[in-house]
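The residues making up each chain are set out below.
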Amino acid sequence: MEHFYYSREQASAAAAQRIANALSHRLANQKTASLVVSGGTTPAQCFAALAHADIDWSRVGVLPSDDRWVPGEHDDSNEKLVRNTLLVNGAARADLLAFYDGKISVEERAATLDKEIRFVPFPFACSLLGMGTDGHFASLFPDAENLDEGLDLESNTLCLPVRTAASPGPLTPQKPCCPGQRGGGCRRSRGTERRRSDPRGPWWESITEATPSLPVADGLCEGDRRRNCHRSVKLDNLEGYPL
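Keep in mind that what you see is a predicted model, and the values were worked out from it rather than measured.

Caption draft 1: Expanded view of the overall build of the protein. Broken down by element type, the protein carries seven helices and eight strands. When the 243 residues of the protein are sorted by exposure, 52% land in the buried category. For the protein, the proportion of contacts with a sequence separation of at least 24, taken over those separated by at least 6, is 72%.

Caption draft 2: Local environment of helix α3 (residues 78-85). When we look at burial in α3, the residues that qualify are N78, E79, L81, V82 and T85. What you see down the axis of α3 is that its buried residues fit within an arc of 160 degrees, all on one side. N-capping of α3 is provided by S77, with a side-chain oxygen placed 3.1 Å from the backbone N of E79.

Caption draft 3: Here's a closer look at the side chain of T164. Within the secondary structure layout, T164 lies in the loop between β6 (159-161) and β7 (171-173). We classify T164 as buried; its relative accessible area is 13%. In this view, T164 contacts F141, D143 and A144; residues no more than four positions away in its chain are not counted.

Caption draft 4: Spotlight on unusual backbone geometry. With an omega of -10 degrees, the peptide bond between F122 and P123 qualifies as cis. Here P123 is to be found in the loop between α4 (106-116) and β5 (126-128). Not every positive phi belongs to a glycine, and N89 is a case in point at roughly 55 degrees. With respect to the helices and strands, N89 occurs in the loop between α3 and β4 (95-96).

Caption draft 5: Summary view of the sheet that holds β5. Across the sheet, four strands lie side by side as β4-β3-β2-β5; this open sheet has parallel pairing. The sheet is open, and its two borders are formed by β4 and β5, each paired with just one other strand. Pairing between strand β2 (residues 33-37) and strand β3 (residues 60-64): five bridges, direction parallel. Following the sheet pairing, L35 is matched in β3 by V62.

Caption draft 6: Broad picture of the environment of F141. Locating F141 in the fold gives a position in the loop between β5 and α5 (147-150). Sequence separation between F141 and R163 is 22 residues; the distance between their C-alpha atoms is 8.9 Å.

Caption draft 7: Representation of the pairing of β2 in the model. Burial analysis of β2 places five of its five residues in the buried class, which makes it a mostly covered element. In this fold, β2 hands off to helix α2 (residues 44-50), which returns the chain to β3; that crossover is right-handed. Relative to β5, β2 runs parallel, the two sharing three bridges. Among the inter-strand pairings, V37 is bridged to a residue of β5, identified as L128.

Caption draft 8: Representation of the packing of aromatic side chains. One pass over the full model with this rule turns up two aromatic pairs. The interplanar angle of 55 degrees and the centroid separation of 4.7 Å between the aromatic rings of W69 and Y100 together place this pair among those described as tilted. Of this pair, W69 sits in the loop between β3 and α3 while Y100 sits in the loop between β4 and α4, placing them 31 residues apart in sequence. A relative accessible area of 29% means that Y100 is categorised as partly exposed. Ring geometry for F122 against F124: centres 4.8 Å apart, planes inclined by 35 degrees, an arrangement best described as tilted. The exposure class of F124 is buried, given its relative accessible area of 10%.

What counts as what
Residues numbered from 1 in each chain as written. Predicted model: local features only at pLDDT ≥ 70, side-chain atom pairs only at ≥ 80, totals over all residues. Heavy atoms only, no water. Helix = DSSP H or I, 4+ residues; strand = E, 2+ residues; numbered from the N terminus. Buried < 20%, exposed > 50% of the residue type's maximum accessible area, 1.4 Å probe, protein only. Contact = heavy atoms within 4.5 Å. Arc of directions from axis to C-beta. Polar contact = N/O pair within 3.5 Å; in protein donor to acceptor, adjacent residues only side chain to side chain. Pairing = 2+ DSSP bridges. Right-handed = clockwise from strand over helix to strand, strands pointing away. Phe/Tyr/Trp six-rings, centres within 6.5 Å; stacked < 30°, edge-to-face > 60°.

If you want it as structure tokens, here you go:
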């Protein structure tokens, strides 16, 4: 299923409504629900709208899809974005699983997070995943040395430390294959041109070949001089994950 939007505002409002519906449905059937969210610039408007949703946020747990290894108040921290744009108004009652801990190493924190994540309500009610211009999502960067481990759907590991030139030691929960939606855009660049000329690079093939129906959302914008569209793409086979 594919939805096209012609402004970031439209895409953000639609994403917020779909996430609110997913959370409401889950809370109607169980005591608590979990929401996975991404960082970056794209989700801010969605978060702002979602924060006003009429949901019992005290029963919702929020966790980042990934985060940089920087303090939570740092401008590059996804935690800061979530606290300032989503966990406000009624949503301030939601619980946030923060990643950064300056007292231990990123590897040690990944190990403790691997255990903590197992205590959040499963399956996740919904995930908002972003995709960078190089095709990465949830800090699964194409140049990451442990990319194969991060894409291994048979692994029991839930969190990995990822080191790349693009980001300072990000932490990423593994297997971000939860129902997701994303609306957003990207300017055409050399990276975009490479992706469009070779849309099924090795990193994408490793995902689709492992599970052709992987329910991860792709919100890339094929913007050019003629149009500036924003779209949300939901891959098939989301049975059991109501959106």
